[in-house]
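Listed here are the chains, written in short residue letters.
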Amino acid sequence: PLDVVTFGETMVLFNPEQMLPLEYNHKFMKQIGGAESNVAIGLKRLGHSVGWFSKLGNDPFGRYIHKFVLGEGVDTSRCIFTDEAPTGLFFKEKRSATDIRVFYYRKNSAASLIRPEDLDEEYIASAKILHVTGITPALSSSSRDTVFKAIEIAKKRGVKIVFDPNLRLKLWSKEEAKEVLLTMAKEADVILPGLDEGELMTGKLTPEEIAEELSFGQAKTIVIKLGEKGAYYQSDTERGYVEGFKVSQIVDPVGAGDGFAAGVISGILQNELLENAVRRGNAVGAIVVGVNGDVEGLPTKDEVEQLINGNHHSQD
Ligand code: ATP
């Protein structure tokens, strides 16, 4: 039995070694990037059992992604390889540590061909939590149908749904995103938006107002990410702010949200108070921004505990 099942597109990432406009950069590190596999790897490092799947191109990049995620100890047994389309790719352009742009080569990718028939109902039902993001419904109509089918299975089979909106305006319009993300949020038990995403979805500006709207009068857990400031949380029984951890140097801010999700889900799986689960999310997010790459910086349970308890590594 798995703690968490998640699925969605993971691409090969060509991450620049130099801070230059992309057109002048010719050195890249080959890595992987995908919100759902980032969360899966993050959860695995924190000691949980996790399954992640996608439709991958039957090509060297698809095999690279598969081996990488499998190598992290995530169950990849439900991945599907296809000859119908290639694995998606993306390049990052880094002009400074915080000025980062992405260039996608993912249209009509293998992952966008995923369809509801690709889902294994028993596999999803075997998990405690289904994690889904708002990237999947933006990829294609079959991908959108698949994520809603997975949600339907989870609801029917009593699997808790964690939803991270992960708004990607390169993939769809604000209007289209708002409608679909709200529909997903209504179905979810736990929602993890950033402030900007909460604003787009509700039209409200403060974390308190956004959380109120996103709970739809139901018993939901809402955690709103506030970057370096930490996060705001609200459930049936708890609400408040948890301050972020101080980061000495931001190397790569991308992936913080996924690390945060892994930390919060880890806390929920351990039946912690929501406040403590959010603190764990803040700790993972803070550690991730200090390392280059989306998954390389995801910490182990010990590293998170050391940050939370204030014990820092020293050179013996
Ligand atoms: P992403 O860039 O991955 O999409 P996001 O926009 O979803 O991230 P952020 O609010 O930027 O989410 O970051 C998620 C969490 O990571 C924050 O709530 C916070 O806990 C932590 N975090 C992010 N940036 C910093 C920082 N500069 N200092 C400390 N903690 C940070």
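Our structure's up above, just so we're on the same page.
Residues numbered from 1 in each chain as written. Predicted model: local features only at pLDDT ≥ 70, side-chain atom pairs only at ≥ 80, totals over all residues. Heavy atoms only, no water.

Caption draft 1: The arrangement of the sheet that holds strand β13 (residues 230–234) in detail. Read across the sheet, eight strands follow the order β4-β1-β9-β10-β11-β12-β13-β14 without closing on themselves; strand pairing throughout is mixed. With partners counted over all chains shown, the strands left at the sheet margins are β4 (50–53) and β14 (239–243), one partner each. By the bridge criterion, five bridges tie strand β9 (residues 129–133) to strand β10 (residues 160–164) in an arrangement that is parallel. For I129, the partnering residue across the bridge sits in β10 and is K160. Running at roughly 40° to β13, helix α8 (residues 207–214) makes contact with β11 (190–191), β12 (221–225), β13 and β14 of the sheet. (Pairing = 2+ DSSP bridges. Helix = DSSP H or I, 4+ residues; strand = E, 2+ residues; numbered from the N terminus. Contact = heavy atoms within 4.5 Å. Axes fitted to C-alpha atoms, helices over the stretch in contact; angles between N-to-C directions.)

Caption draft 2: Seen up close, the side chain of E93. Structurally, the position occupied by E93 is in strand β7 (residues 89–94). You can call E93 buried: its relative accessible area is 5%. Side-chain polar atoms of E93 contact the side chain of R95, separated by 3.2 Å. Sequence-distant contacts of E93, that is, excluding residues within four places in its chain, are made with P16, L20, P21, L22, D99, I100, R101 and F103. (Buried < 20%, exposed > 50% of the residue type's maximum accessible area, 1.4 Å probe, protein only. Polar contact = N/O pair within 3.5 Å; in protein donor to acceptor, adjacent residues only side chain to side chain.)

Caption draft 3: Up close: the sheet that holds strand β3 (residues 28–33). With respect to topology, four strands assemble into an open sheet ordered β3-β2-β7-β8, the strand pairing being mixed. Sheet topology places β3 and β8 (100–105) at the edges, where each strand pairs with a single neighbour. Taking the axes of each pair of neighbouring strands and ignoring which way they run, one obtains an average angle of 25° across the sheet. When β7 meets β8, the two strands line up antiparallel, connected through six bridges.

Caption draft 4: Focus on helix α5 (residues 141–156). With 16 residues, α5 should cover 22 Å at 1.5 Å per step; its first-to-last C-alpha distance of 22 Å lies within 8% of that length. Residues of α5 that are buried include every one of S143, T146, V147, A150, I151, I153 and A154, and no others. Along the axis of α5, the buried residues cluster in a sector spanning 160°; they form a single face. Set apart from the buried face of α5 by more than 90 degrees, the exposed residues are S141, E152 and K156. Elements that come into contact with the buried residues of α5 comprise β1 (4–7), α3 (121–125), β9, α4 (136–139), β10 and α6 (174–187). Directly after α5, the chain includes G158, whose backbone phi takes a positive value near 70°. (Expected span 1.5 Å × (residues − 1). Arc of directions from axis to C-beta.)

Caption draft 5: Structural view of the site of the ligand. Residues in contact with the ligand amount to 17 residues; listed here are only the nearest, G227, G230, F245, G257 and N282. For the ligand, an oxygen atom lies 2.8 Å from a polar atom in the backbone of G227. Interatomic distance of 2.9 Å between a backbone N/O atom of G230 and an oxygen atom of the ligand. Expressed as a share of its isolated accessible area of 620 Å², the protein-covered part of the ligand is 80%. Elements that contribute at least two residues to the shell around the ligand include exactly α9 (256–269) and α10 (274–288). (Near = heavy atom within 4 Å. Areas by Shrake-Rupley, 256 points an atom, 1.4 Å probe, with all protein chains shown as cover.)

Caption draft 6: Region of the structure containing the pairing of β13. Within β13, five of the five residues are buried, which leaves it mostly tucked inside the rest of the structure. Sheet analysis places β12 next to β13, joined by four bridges and oriented antiparallel. What sits directly across from V223, in β13, is Y233. Hairpin geometry of β12 and β13 is characterised by an intervening segment of four residues between the two adjacent antiparallel strands and by a positive phi of about 55° at G227.

None of the figures reported here should be taken as evidence of function without further support.
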